[in-house]
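As a plain string of letters, each chain reads:
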Amino acid sequence: MAESVELPSRLAILPFRNKVLLPGAIIRIRCTSPSSVKLVEQELWQREEKGLIGVLPVRDAETTSVNPVLSPGAVNDSGEQSSKIPFNASDSHKQDAKNQQELIHWHTRGVAARALHLSRGVEKPSGRVTYIVVLEGLCRFSVQELSARGTYYIARISRLDMTKAEMEQAEQDPDLIALSRQFKATAMELISVLEQKQKTVGRTKVLLETVPVHRLADIFVASFEISFEEQLSMLDTVDLKVRLSKATELVDRHLQSIRVAEKITQKVEGQLSKSQKEFLLRQQMRAIKEELGDNDDDEDDVVALERKMQSAGMPPNVWKHAQRELRRLRKMQPQQPGYSSSRVYLELLADLPWQNASEERELDLRAAKERLDSDHYGLVKVKQRIIEYLAVRKLKPDARGPVLCFVGPPGVGKTSLASSIAAALDRKFVRISLGGVKDEADIRGHRRTYIGSMPGRLIEGLKRVAVSNPVMLLDEIDKTGSDIRGDPASALLEVLDPEQNKTFNDHYLNVPFDLSKVIFVTTANRIQPIPPPLLDRMEVIELPGYTPDEKLKIAMRHLIPRVLDQHGLSSESLQIPEAMVKLVIQRYTREAGVRNLERNLAALARAAAVRVAQQECAVPLSKDVHPMAESLMDTRLADSGEVEMEVIPMGVNGHEISNAFRSATALVVDEAMLEKVLGPPRFDDTETAERVAAPGISVGLVWTSFGGEVQFVEATTMVGKGDLHLTGQLGDVIKESAQIALTWVRARAADLKLSAAGEINFLEGRDIHIHFPAGAVPKDGPSAGVTLVTALVSLFGQKKVRADTAMTGEMTLRGLVLPVGGIKDKILAAHRYGIKRVILPERNLKDLVEVPSAVLAGMEILLAKRMEDVLEQAFEGGCPWRQNSKL
C-alpha cells in the first residue's frame, strides 16, 4: 500500500510527456532516449528493481534560449497556488547563451512509482540499449527543487498524501462517508453495464470491495480516456473529498456515454432485425393462407416465379439446376446484394422458349414462290435455291438444312430475302447485327460472376421472340472483329454447326440450350474477311447487282409506291414516268443495289410534298371556274324565294375534296425537274469515250465490296532513266502486275514493232508513269494485268484503245491470260457504263451462265487465251503489228 511506503527526500525524475500517472495505476513504458536509459539503469536496474523514481508530467516542448523551468502548479486544496521552483544546473549542464535549448514545462506535482517488471534489450544493428519498464503509481509528491545529475534530473520532494493515522481519522467524517457511498454506487452501476459486454469485470468488483475508496478514485479515473488537463486536475487534487467528487463525476460521465452508445447500437440492430421480422411474418402469412385455401389471390413473387418456371418446359437437367437456384433465392433477403441477380437469372430461365415453338403448317411452295416474286424482282437463281430449301423442309421438317449465307453488295436485298423466308415458313423473324462486334461475350454472354453480366445476343433474341424455332438473321457476319476480349467469329462456329448447336452453352445461362430448331441465315458483303472454318459451315449464295432494266422494274413496282407512302403522297399528287426513272438510273446512280435510286426518288417526293402542302394552304380557282358577280344567295333572298341547300358528303379530314384539287394539279416529273431537284447529271455515257481519247489509256473491270466497277488505267512517258512510277494507292499485288506487264512489253517490243530492229533498250532515256484514278481509293488484286499491257502497248505504239471495250484478266510472264473472279459483277458494271465489248479470260467462259441473258444480248463477249488475243481485240481493226510480227 502507498501509505506504508517511505519516500526518500530526493527522487530521480522520469518525464512523462502529455500523460499523467495516478496512484494505484499501472503503466508500461519503453525507454529509448539516452537520459531515460541512464536513469533506469542507475536507479532501477542496478538496484534490482527495488528503487523508486518520480514520474513528473511535462507539456509539449518549445524552442527558446532559457533553461528548463517548472510551470506553475494548479491551485491546491487550500486555494493557494504553487510558486516556481528554482532550477539549479550543474557545471556540466551550463551552456552558451547563444545555443538554442528546449524549454521543458515541468509540472510541480508528480507520483512516486516502483518497478513491477524490468527488461533490457539491444537494437540491431545500432547496438542501442533500451528498457521496457512496468511502473505502479504509489503516492503524490510535490517538487521543492529540481537539479540535474548527469543526463537526467533529481528532485527534492515532499509527500502530499495523508499518512495512515490521518487517513483513519478522515474516514470518520460523515461527508466523506456519503461521498464514498455515492462513488461506489456509481462505480457499481458502471461495472454492471460493462459486465454485459465484458467477462473480465469480476476482478473490478473485488477491487471495489477490498481497496480503500480514496485509492479507488485514482484507479477508476486512470482507466478512462480523459483529456490531459483533466488528468492534471485529478493529480493536483490532494483533498480526499474533492477527489471523490471529481472521480464520481468522471465515472458518471463515462457511464452516460456507454448508455448513449448502447442506445444507438440497439436502434441500428432494431433496423436490421426489422427485415428478419418481416420475413418471419411473411412465412407465417403464407402458412395461414395455405390453411385457409386462399393462397391464389395474393401469392408472392417467388411462388409466381416458381409456377412460371414449372410451365416453361425445361429439360430435366436444367430444371434441377433451376430448383437449386430457387432454393438459394428463398434463403436470401431482398436486401442482399445477390438477390436481384439471382432473381433476374431465374426470370430469364422461365422466359426462354424451351419447348414453345411456332406452329408448323404445311408449306405451300406455290404461295412461297409468289411471295418471293412479289417482294423481289429478278434474283431467279437465288429464289430458286430458296424454293429448293423450302421443298426439303416440307418433305422432312426436322431436316438439318445448310446455313444460307447471302453475299453481295449493299442494297441488293439480302436482309429482305431472309425476312421473306420467315414469312414463307410462317415463323417469327429475329435479326441480330454483328457489324463491329469484337467481344465474344456478345455471342456467348458474360459469366454471372461479373457485375452487369447479361446473356448473349442469341439467347436475348430467342427470349424476345418467345419461340425456339424462329428464322434468325446474323447480319454483316463479315464485319466482326477480334481483340483481347475474344473472337466472335470463333464463337459462331458452335452456333452454326448442326452437330454442336443442340447443346449451345451460353456463359450466362451456364446450362445447355438447343439451337438446332433455329433456321440461321447470314449476310455479308465480302467472303474474304470470313474465317475459312466459319465459311465452311455455310452455303454461299451470291447476289450480284441489278441491271438497269431490273432497277427500272424494281423502282416502278416497289420503290415509287413505298416512297409515295412514306411522304404522304399518292399517285395523283406525283407522277414519275418510266422514262424519267430511266434517266435517274443512267445519269444519277451507278451502283449494284437500289439504295441511291431510292434516295433520289425520295428527293423528288420531298419536292412534290412542298408543292402539295402549299396548295392546301391556298387553293386557286380553275381556269374553267369564273367568279360570280353577285351572290346566288343574295339573289334568291331578294326575290323572297326558298333557299335549297344540298349537303355534300366529305371524307375524313376532307380528303375527297383535297384529292380533287390534287388531281387537277398533279405534278409530273420531267427532265427539267430532275436537274432542278437532283442537280446536274453525275454520270455521262460519253465518259468512257472521252477518257480513252488518247493513246496510253485502257479500260479495266474490277470487283469491290460494292459490286463491280470500271477502272481506267493511264500511262505516259517522260525523260528519265528508265524507271517505273506507280500511283493511285496501289497494293503489292497490283504493283507486281505492273512490273510483269512492263517486262512482257519490253521483251516483245521488237515483235510488236515498238522499237527499231536491233535496238537493245527502247526505254533508254525515259521513265514510265502508270496511274490508277481515283487516287484516294485503295486498289489491289491481279485482274489488272491485261489492262496494264494494253495501256503500255497503246502508249508505245501511239494507237488508241477502243472506247467501247473493257477487259479483265491476270497475265503471266509468258503471256498467258489466267481466269479471275467476280465475272458477273464486272459484266454488270460494264453494262451500267454503256460498254458494249468485254474481253474475258477463256477459262471464265463457265461464269457467263450466271450473267442475265438480257445483259449478254446487248454485249459482245470476247474470250482470250493469250495476251496477243487481248491486243487483237482491244484496238480498232485488230493489232496492226500482228501480220508482220512473229506473234
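A. Structural detail: the overall build of the protein chain. Counting secondary structure elements, the protein chain contains 29 helices and 29 strands. Relative to its 887 residues, the protein chain shows a buried fraction of 43%. Counted over contacts in the protein chain with a minimum sequence separation of 6, partners at least 24 positions apart contribute 76%.

B. Representation of the confidence of the model for the protein chain within the structure. Within the protein chain, residue pLDDT values average 78, and 82% of them lie at 70 or more. The element-level mean pLDDT for the protein chain is lowest in helix H21 (residues 632-638), coming to 39, with strand S28 (residues 837-841) highest at 93. Here residues 71-102 is modelled with pLDDT under 50, and outside its nearest four sequence neighbours on either side it reaches 60 contacts, counting other chains as well. Taken together, the stretch residues 619-664 has pLDDT below 50 and engages in 16 contacts with residues farther than four places along the chain or on a different chain.

C. Quick peek at the packing of aromatic side chains. Applying the stated rule across the entire model yields four aromatic pairs. Here Trp106 and Tyr153 contribute two aromatic rings whose centre-to-centre distance is 5.1 Å and whose plane-to-plane angle is 75 degrees, an arrangement assigned as edge-to-face. Here the residue Trp106 occupies a position in strand S8 (residues 105-106), and Tyr153 occupies one in strand S11 (residues 152-159), the gap between them amounting to 47 residues. Side by side, Trp106 and Tyr153 carry an identical accessibility label, which is buried. Residues Trp354 and Phe513 carry aromatic rings whose centres are separated by 4.9 Å and whose planes lie at 55 degrees to one another, so their mutual orientation is tilted. Placement of Trp354 in the loop between helix H10 (337-351) and helix H11 (365-375) and of Phe513 in strand S16 (residues 512-513) is noted, with a sequence separation of 159 residues between them. The class of Phe513 is buried, set by a relative accessible area of 2%. Looking at Arg448, its charged tip hangs above the ring of Tyr345, at a distance of 3.9 Å from the centre.

D. Just the sheet that holds strand S18 (residues 538-542), in detail. Reading across from one edge, S13-S14-S17-S12-S18 is the order of the five strands in this open sheet, with parallel pairing throughout. If you trace the sheet from one side to the other, it starts and ends with strand S13 (429-433) and S18, each paired once. Neighbour-to-neighbour, the strand axes of the sheet open up by a mean angle of 25 degrees, direction not taken into account. In the sheet, strand S14 (residues 471-475) pairs with strand S17 (residues 519-524) via four bridges, with the strands oriented parallel. Within S17, the position partnered with Leu473 by the bridge is Val521.

E. Molecular detail of the packing of helix H19 (residues 578-588) against helix H23 (residues 671-678). Packing of H19 against H23 brings their axes to within 10 Å, and their N-to-C directions diverge by 45 degrees. Viewed along their axes, H19 and H23 adopt a mutual orientation that is oblique. The crossing of H19 and H23 is right-handed. Judged by residue contacts, Met580, Leu583, Val584, Arg587 and Tyr588 of H19 engage Glu671, Leu674, Glu675 and Leu678 from H23.

Conventions and cut-offs
Residues numbered from 1 in each chain as written. Predicted model: local features only at pLDDT ≥ 70, side-chain atom pairs only at ≥ 80, totals over all residues. Heavy atoms only, no water. Helix = DSSP H or I, 4+ residues; strand = E, 2+ residues; numbered from the N terminus. Buried < 20%, exposed > 50% of the residue type's maximum accessible area, 1.4 Å probe, protein only. Contact = heavy atoms within 4.5 Å. pLDDT = per-residue confidence, 0-100. Phe/Tyr/Trp six-rings, centres within 6.5 Å; stacked < 30°, edge-to-face > 60°. Lys NZ or Arg CZ within 6 Å of the ring centre and 35° of its normal. Pairing = 2+ DSSP bridges. Axes fitted to C-alpha atoms, helices over the stretch in contact; angles between N-to-C directions. Parallel < 35°, antiparallel > 145°, perpendicular 65-115°, else oblique. Left-handed = near helix turned anticlockwise from the far one by under 90°.

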